[in-house]
Amino acid sequence: MDKKNKWKAWLYLAPVLILMAVFTFYPIISTFIASFLKDYNNVTGENSGFTFYNYQYVLGLAERYEGSGVFFKEFFSLNPAEHSAFWNTMFITFVTVPISVVLSLAIAILIHSIKPLKKIFQTVFFMPYVTNVIAVGMVFSLLFSQFGVWNRIFGLSTAWLADNSATWGGVMFVLCLYIIWSALPYKILIFLSGFEGIDRQYYEAAKIDGAGRFKTTMKVTIPLISPQILYITVTSFIGAFKEYSSVVGLINRSYSSDQNVQDLYTVVYWIYDQMSKGDWNTTSQFADAAAMILLFVILIFTLIELWVSKKKVVYR
Amino acid sequence: MKQAYITTTLRLVPPSCKTKKKKENTSENLAMIEKNQKIKKIVGLVFVYAFLAFFALIVLFPFYYMIVASFMTQQEAYQGALFPELSSVFENIAYNYSNTFERLDFMSHVGTTLIVAVATTILQLLTTILAAYAFARLEFRGRDVLFIFFLTTMMVPGELLAIANYTTMANLGFINKSQTYGEALFVMIVPLIASSFYIYLLRQNFKQIPNELYLASKVDGKSDWTFLWKVMAPLSSPTLITIAILSFISSWNSYVWPNRSVTKPEFQVISVIIRTGSLTVQDEMGNWVTMLPWQMTASVLTVVPLLLLFIIFRKYIMSGTGRSGIKG
């Protein structure tokens, strides 16, 4: 390469680098710093120095006003009865991830095993991926309205959503169903493309060995796509931890009749909700702390993925 | 490949097995076994298709219901009818669709959404092509370190970026109560242009193009710039189409960022307006009730264009998503 190319390369990179510097790199640094500043004002930049208070406050370990005795439980509390953003998110994560991974794996295996209609099933099961989360969320809320289709089919009269008698459990049930519904297509697609990468030899060998269909699946197919399973599980955990739009689509702000009360926070919902509040300029550091906690959780999951994939997963 | 096949065959038929088989393999037994296996296979297939069909129905049902509910009267939608009364369907369609268009001022929001989606897609393609070319073909100090750094940023949640970008945009004066239409567009488009994932996707594609082509064009005296636009870009057109479609779909669906950063409802994109726009009427008792068929009509108008795109570009969307590292 001649020398001329060296500065030319930076010219090619310039648009992306400038945009990333302002809208990606700077936010990471500024969020990190602001999450450790006390009484930070994001317009003037004024603050009263380094502190862990923002984290303590968000995690419910410190009072908002000294001596008030009131601890903040909206974001983090391990008491299920308090329905904190963190607890709701954990609940969603540990219900939807295992179910959707197992179900999508089963569907993918079955789609892979058939010949006629294979393309059609592939397409149908991918459809929920190319939709609008908000719009379909509204459809689900209609399906689960008090006199809606779901209650009619099962002969129920439960008020699932948007009613004063709606319960946390009922809303969670519908929300988890909706999240699983929308989480299936991506996973099925990844599993199917994983199956396509498996060498036919393995199947022929298993056939000669006299292994039945079930045994072949358990002993050949699943071990061979374990990288995809691991990848899907980790990204699902991260995705479920960032659940937000589905809640808005389904219930907007509230599952009671009063749409001005927010009563089903998730971690990300809580963070976004702070932005629309009047005192954002002086309280953004709490959202910053919450976002850093989110980043930390994602980092841990990613590291687990890297660590496990080195140790346990069968690579071809 | 063939060799491996032979070795496994040999290993898998031990002598003990052969003798056992000889005893059982009378012709009668063989026929029975074959018949049993056939029945087993058919039962299995029926089960497989039934399972898949059942879940396919569950997957499709919300789409079906969204469309038919937009053909219903309020009464029918409220009572959870599975299909509308046929005699009044056309009347309902005219009523629901005209009211939804009018109430939400739908076309102006579609206009805004299209401007944002098309502009974001074009700018994203341009910047991605340039950056991917630099990473794939040009040599400069720190290239690999910078590329790994780009990849790491994919892990950072968009929520974290949104907080700081909101503050940045507000402090620059783009987000305020007296926001102009131009400012609203600027805020919705610019922060989302640079995408490390698309750069990664295209760079992998550029890398596969043989170096000989590059050297040949150098011999011809062509510049890097001409080579990029006359050779690289056309050769990578499937990936470019994939990026364009995925980028367009995600801006068509964007909800979070516009909802926060655009202060005037009349400048909002459709995802926001279908959730926050007013689709209520006053009933005889004077209560405001949400018109369910109108809500479903709004959903149809948002989702159907996407489904059409999906049908046309199915191959590109599925291949692009299959290669993706991160969803959304």
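Thresholds, definitions, all that
- Residues numbered from 1 in each chain as written.
- Chains lettered and ligands numbered in written order.
- Predicted model: local features only at pLDDT ≥ 70, side-chain atom pairs only at ≥ 80, totals over all residues.
- Heavy atoms only, no water.
- Helix = DSSP H or I, 4+ residues; strand = E, 2+ residues; numbered from the N terminus.
- Rg over C-alpha atoms; globule rule 2.2 N^0.38 Å.
- Buried < 20%, exposed > 50% of the residue type's maximum accessible area, 1.4 Å probe, protein only.
- Contact = heavy atoms within 4.5 Å.
- Lys, Arg positive; Asp, Glu negative; His and termini not counted.
- Charge placed at Lys NZ, Arg CZ, Asp CG, Glu CD.
- 1 Å grid on protein atoms, 1.4 Å probe; cavity = no way out; pocket = protein on both sides within 12 Å on 5 of 7 lines; lining within 4 Å.
- Points joined across faces, edges and corners; volume = space filled by probe spheres on them.
- Nonpolar A, V, L, I, M, F, W, Y, C, P; charged D, E, K, R; others polar.
- Patch = residues over 30% accessible without salt bridge, like charges linked within 9 Å, V, L, I, M, F, W, Y side chains within 5 Å.
- Areas by Shrake-Rupley, 256 points an atom, 1.4 Å probe, with all protein chains shown as cover.
- Salt bridge = Lys/Arg side-chain N within 4 Å of Asp/Glu carboxyl O.
- Buried area = accessible area lost by both parts, 1.4 Å probe.
- Axes fitted to C-alpha atoms, helices over the stretch in contact; angles between N-to-C directions.
- Parallel < 35°, antiparallel > 145°, perpendicular 65-115°, else oblique.
- Core = buried A, V, L, I, M, F, W, Y, C linked by side-chain atoms within 4.5 Å.

Enquirer: Where do I start with the overall build of chain B in this structure?
Expert: The helix and strand inventory of chain B stands at 17 helices and two strands. At 29 Å, chain B has a C-alpha radius of gyration far larger than the 20 Å of a compact globule built from 328 residues. Projected onto the principal axes, the alpha-carbon positions of chain B cover approximately 90 × 70 × 35 Å. Every one of the 328 residues in chain B was classed for burial, and the buried ones make up 47%. Counting only contacts in chain B whose residues sit at least 6 apart along the sequence, the fraction spanning at least 24 positions is 72%. Across chain B, the mean location of the 28 positive side-chain charges is 19 Å away from that of the 18 negative side-chain charges.

Enquirer: Looking at this structure, I do not really get the layout of surface pockets. What am I missing?
Expert: Any empty space left between atoms is shown by rolling a water-sized probe over those atoms. When its volume is computed, the second largest pocket comes out at roughly 2,100 Å³. Considered class by class, the residues forming the lining of the second largest pocket number 22 nonpolar, ten polar and 13 charged.

Enquirer: So what exactly am I meant to see when it comes to a nonpolar patch on the surface here?
Expert: Residues and elements named next belong to chain B. There is a patch of nonpolar side chains on the surface, built from Leu 114, Val 118, Ile 122, Leu 123, Leu 126, Trp 225 and Trp 229 and spanning about 610 Å² of accessible area. Elements with a contribution of two residues or more to the nonpolar patch: α6 (106-137) and α12 (224-235). If you tally residues by element for the nonpolar patch, the top one is α6, at five residues. Considering the arrangement of structural elements, one finds Leu 126 in helix α6.

Enquirer: Is there a simple way to think about the interface of chain A and chain B in this case?
Expert: Many structure descriptions define interface size as the accessible area lost when the parts assemble. Tallying the contact residues gives 94 residues for chain A and 99 residues for chain B. Roughly 8,800 Å² is buried in total at the junction of chain A and chain B, and carbon and sulfur atoms are behind 76% of that figure. Between chain A and chain B we count zero salt bridges in total. Its residues assigned to classes, the side of chain A that touches chain B comprises 65 nonpolar, 19 polar and ten charged.

Enquirer: Please clarify how the packing of α12 of chain B against helix α13 (residues 237-252) of chain B should be interpreted in this entry.
Expert: Geometry of a packed helix pair, given as the angle between the helix axes and the separation of the axes. Residues and elements named next belong to chain B. For the pair α12 and α13, the least separation of the axes is 5 Å and the interaxial angle reads 70 degrees. As judged from the angle between their axes, α12 and α13 are roughly perpendicular. Taken together, the residues of α13 that come into contact with α12 (itself represented by Ala 233, Pro 234 and Leu 235) are Ser 237, Pro 238 and Leu 240. Class assignment of the residues belonging to the contact of α12 with α13 gives a composition of five nonpolar, one polar and no charged.

Enquirer: Would you mind showing me how to read the environment of Leu 161 of chain A here?
Expert: Residue and element names in this part refer to chain A. Within the secondary structure, Leu 161 is located in the loop between α6 (149-154) and α7 (168-196). Taking the C-alpha atoms as reference points, Leu 161 and Leu 37, separated by 124 residues in sequence, lie 40 Å from one another. The residues touching Leu 161, leaving out its near neighbours within four places in the chain, are Ser 141, Phe 144, Ala 166, Val 171, Val 174, Leu 250, Ile 251 and Tyr 255.

Enquirer: It is not clear to me how the packing of helix α5 (residues 89-104) of chain B against helix α16 (residues 292-312) of chain B should be interpreted in this structure. Could you clarify?
Expert: Residues and elements named next belong to chain B. Following both chains from N to C, one finds α5 and α16 inclined at 75 degrees, their axes separated by 9 Å at the closest point. Taken together, the axis directions place α5 and α16 in an arrangement best described as roughly perpendicular. Mapping the contact onto sequence places Tyr 95, Asn 96, Tyr 97, Asn 99, Thr 100, Phe 101, Arg 103 and Leu 104 in α5 and Pro 293, Trp 294, Thr 297, Ala 298, Val 300 and Leu 301 in α16. Of the residues that constitute the contact of α5 with α16, the class distribution is nine nonpolar, four polar and one charged.

Enquirer: Would you explain the nonpolar core in this entry?
Expert: Generally speaking, soluble globular proteins have nonpolar side chains that are buried together. Phe 125 and Trp 270 of chain A together with Phe 206 of chain B are the most contacted members of the largest nonpolar core, which totals 202 residues. Looking at which element gives the most residues to this core, the answer is α7 of chain A, with 17 residues. Phe 206 of chain B has contacts with Ile 129, Ala 132, Tyr 133, Ala 136, Arg 137, Leu 228, Met 232 and Ser 236 of chain B, leaving out every residue within four places of it along the chain.

Enquirer: Hey, could you run me through unusual backbone geometry in this one?
Expert: What is expected of a backbone is that most residues other than glycine have negative phi and most peptide bonds are trans. Residues and elements named next belong to chain A. Located in the positive-phi region is Asp 39, a residue other than glycine, with phi close to 50 degrees. Turning to its location among the elements, Asp 39 is positioned in the loop between α1 (4-34) and α2 (53-58). Of note in this structure, His 83 is not a glycine but carries a positive phi near 50 degrees. With a relative accessible area of 27%, His 83 lands in the partly exposed category.

Enquirer: Before we go on, may I ask you to explain empty space enclosed by the protein in this structure?
Expert: Per the stated rule, a full pass over the model turns up one cavity of 30 Å³ or more. Considered as a void within the structure, the largest cavity measures approximately 50 Å³ in volume. In terms of lining residues, the largest cavity is bounded by Gln 122, Phe 125, Phe 126, Pro 185, Ile 188, Leu 189 and Leu 192 of chain A together with Met 318 of chain B. If you tally residues by element for the lining of the largest cavity, the top one is α7 of chain A, at four residues. For the lining of the largest cavity, the class distribution of residues is seven nonpolar, one polar and no charged.

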